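Notes for the structure review
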Amino acid sequence: MIWLRGKLAGPYLSIMYVFIGLGSLIIPALIGVSIKFTGTLRYAFWIYGVFVLPVLMLLIPMPSPIPQEDRNGEVKTRPDFILIGFISLLFFFCVGSQVSFSGWIFTYAIRLNYADELSASLLSSMFWVAQTSGMLLSIPVLSRVSPERTLIADLGGGLLSLMVMQLWPGPLTTWIGTIGLGLSMASLLPASLAYAAQRTTITGKLNGWFLSGGSLGSMVIPWIIGQIFQSTGPHQAMWAVLITHGIACGLLLGFLGLAHYGMILKISKDGQTWKS
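Residues numbered from 1 in each chain as written. Predicted model: local features only at pLDDT ≥ 70, side-chain atom pairs only at ≥ 80, totals over all residues. Heavy atoms only, no water.

**Quick word on the state of the cysteines**
The cut-off we apply is this: When the sulfur atoms of two cysteines come within 2.5 Å, that pair is taken as a disulfide. For every residue, the accessible area obtained with a 1.4 Å probe (protein chains only) is divided by the maximum for its type, and the residue is called buried under 20%, exposed over 50%, and partly exposed between those limits.
Evaluated as defined, the whole model comprises 0 disulfides. No disulfide involves C94; its nearest neighbouring cysteine sulfur is the one of C249, lying 7.7 Å away. What makes C94 buried here is its relative accessible area of 4%. Looking at C249, the relative accessible area reads 11%, which means it is buried.

Below is the structure:
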C-alpha cells in the first residue's frame, strides 16, 4: 500500500486496518458459534477458508506493486536508521500497552468488582468495537491531518483515558477509559507508517523491523504487567499500562522535538544530508 500511494498512504492504511479490526471481531465470534453448536473448531476453519480462497485467487495473478520512486525515476533514499529505531520502539510500547490492556481489562473489572462476568465480557468487546470505529474515523482524519498531529492526538487521548481510569477509579470511568483508549489507539499504526513513509523509503525489510518491534512488545510487556497483576493487584497493573503508554508519548514528543529543532539528520534522495 505504501509503495502504491507513497506519502498519501495514510487513509488507505486505515482502510486496511479497518478490515483487520473487523476480522478481530468476527473470527472469535465464528469460533465461539462453531464450538457451541458442533463442539469443534473444524467448521469455523472451513467457513474461514471458503471466504479466504476467492481473495487468494484474485491476489495470486496480480503483479507486485512498483514503488512510486521507481515509477517516477527518482533516486531511492538511504535508510534513516534513527527513524527506524524510533518507529520500532513506538510499535514496541504501543502494541505492548494495547495487548496488555485488552488482555487484562476483563480480569481488572472482575477483581475490582466493577462488573460481573457478562459486563466484563462486554467491556472487553467494547474496546475492540471502539478501536474498529476509530479506524473508520481515521480514514477521513488521515486524509486531512498530518501523521505527526494524528500521532500526538492518538497518544494524548490514550494517556488521558488511562489517567481518568486511574485517578477516578470506578465502573463508569472504567467504561469511559476503555472506549477512549480504543478510539485513541485505532490509528496509531497506520499514522506511524504514514509518518515513516514521508521521511524514508519503506521496504519489506524496514517494515519487518517495525512489525518485529510490535511483536516483541506484545510478548514482553503483557508478561511484565501480568507479573505485576499477580504480585501487587489490578490497580497497580493498570498503572503499569499507563506508564508504558506514557513512555510512548515521551518517545514521540522527544523525536518530533529533535526533528523540529533540526537535531536529527535526514538523508536526501541524492545522498546528501540536511537537518530536518
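What follows continues from the structure just given.
**Re the nonpolar core**
Test applied: As used here, the term nonpolar core means buried Ala, Val, Leu, Ile, Met, Phe, Trp, Tyr and Cys residues forming a set that is joined through side-chain atoms within 4.5 Å. We count a stretch as a helix when DSSP gives it H or I for four or more residues in a row; a strand needs E for two or more, and each element gets its number in order from the N terminus. Between two residues, a contact is recorded if the distance between any of their heavy atoms is within 4.5 Å.
One finds F86, I87, F101, L155, Y195, F210 and M238 to be the most contacted residues of the largest nonpolar core, which totals 46 residues. Every element with two or more residues in this core is listed here: α5 (81-111), α6 (117-144), α7 (147-167), α8 (171-185), α9 (188-199), α10 (204-232) and α11 (234-260). At 13 residues, the largest contribution of residues to this core is made by α5. Not counting residues within four places of it along the chain, the set of residues in contact with F210 comprises I84, I87, S88, F91, L193, A196 and I202.

**With respect to the packing of α5 against α9**
Here is the rule: Between N-to-C directions, angles span 0 to 180 degrees; the directions come from axes that are lines fitted to C-alpha atoms, helices contributing only their stretch in contact. Comment on the angle field: the value is read as roughly parallel under 35 degrees, roughly antiparallel over 145, roughly perpendicular from 65 to 115, and oblique elsewhere. Note on residue classes: Ala, Val, Leu, Ile, Met, Phe, Trp, Tyr, Cys and Pro are nonpolar, Asp, Glu, Lys and Arg are charged, and everything else, Gly too, is polar.
It is the contact of α5 with α9, at a shortest axis distance of 11 Å, that shows an interaxial angle of 180 degrees. On the basis of their axis angle, the class for α5 and α9 is roughly antiparallel. Between α5 and α9, the contacting residues are L83, F86, I87, L90, F91, C94 and V95 on the first element and L188, L189, S192, L193, Y195, A196 and R199 on the second. When the residues that make up the contact of α5 with α9 are grouped by side-chain class, the tally is 12 nonpolar, 1 polar and 1 charged.

**Considerations on the side chain of T174**
Mapped onto the elements, T174 comes out in helix α8. Using a relative accessible area of 1% as the deciding quantity, one classes T174 as buried. Sequence-distant contacts of T174, defined by excluding residues within four places in its chain, comprise I105, Y108, Y114, L123 and M165.

**Some details on the environment of L83**
Tracing the chain through its elements places L83 in helix α5. A residue is classified by how much of its surface remains accessible, and L83, at 0% relative accessible area, is buried. Along the primary structure L83 and T200 are separated by 117 residues, whereas in three dimensions their C-alpha atoms are 8.4 Å apart. Each residue touching L83, except ones within four places of it in the same chain, is listed here: Y195, A196, R199, T200 and F255.

**Focus on the side chain of S124**
In this fold, S124 is placed in helix α6. Excluding residues within four positions of it along the chain, S124 makes contact with S102 and I105.

**Some points on α5**
Note the cut-off: Multiplying 1.5 Å by the residue count of a helix minus one yields the expected span of that helix. At every residue, the bend is computed as the angle between two fitted axes, covering the seven residues ending there and the seven beginning there respectively.
Taking 1.5 Å per residue as the helical rise, α5 with its 31 residues ought to reach 45 Å, and the 44 Å between its terminal C-alpha atoms agrees with that figure. Along α5, the largest kink reaches about 45 degrees and is centred on W104.

**Thoughts on the environment of L242**
Of note, L242 is situated in helix α11. Between the alpha carbons of L242 and Q166 there is a distance of 8.6 Å; along the sequence they are 76 residues apart.

**A few points about unusual backbone geometry**
Positive phi, close to 60 degrees, is recorded for N113, a residue that is not glycine. With respect to the helices and strands, N113 occurs in the loop between α5 and α6.

**Some words on the confidence of the model for the protein chain**
Convention followed: pLDDT expresses how confident the predictor is about each individual residue, on a scale running from 0 to 100.
Per-chain confidence: the protein chain averages 78 in pLDDT, with 81% of residues scoring 70 or above. Averaged over each element, pLDDT in the protein chain is lowest for strand β2 (residues 273-275) (40) and highest for α8 (90). Counting contacts from residues 265-276, a segment whose pLDDT is below 50, to residues more than four positions away or on other chains yields 31 contacts.

**Focus: the packing of aromatic side chains**
How two aromatic rings sit relative to each other is set out by the distance from centre to centre and by the angle between their planes. Counted only if it meets this: Pairs were defined over the aromatic rings of Phe, Tyr and Trp, the Trp ring being its six-membered one, requiring ring centres within 6.5 Å. Orientation was assigned from the angle between planes: stacked under 30 degrees, edge-to-face over 60, tilted for the rest.
Per the stated rule, a full pass over the model turns up 7 aromatic pairs. A ring pair is formed by F92 and F93, whose centres lie 5.0 Å apart and whose planes are at 90 degrees; its orientation type is edge-to-face. Residue F92 shares its accessibility class with F93, and that shared class is buried. Each member of the aromatic cluster is reached from another via a ring pair, and the members are F101, F127 and W128.

**Side note on helix α3 (residues 42-59)**
When the terminal C-alpha atoms of α3 are compared, their 25 Å separation across 18 residues agrees well with the 26 Å that a helix rising 1.5 Å per residue should span. Of all the bends in α3, the greatest, near 30 degrees, is centred on V52, and the proline P54 appears no more than four residues after it.

**As for a nonpolar patch on the surface**
As a reminder, the rule being used: In this scheme, patches are assembled from residues that exceed 30% relative accessible area and form no salt bridge. Like charges are connected within 9 Å, while nonpolar side chains (Val, Leu, Ile, Met, Phe, Trp, Tyr) are connected within 5 Å. Computed with the Shrake-Rupley method and a 1.4 Å probe, the accessible areas treat only the protein chains shown as cover for residues. Whenever Lys or Arg places a side-chain nitrogen within 4 Å of a carboxyl oxygen from Asp or Glu, that contact is recorded as a salt bridge.
Among the surface-exposed residues, L216, M219, V220, W223 and I224 lie close enough to one another that they form a single nonpolar patch of about 510 Å² accessible area. Here V220 lies in helix α10.

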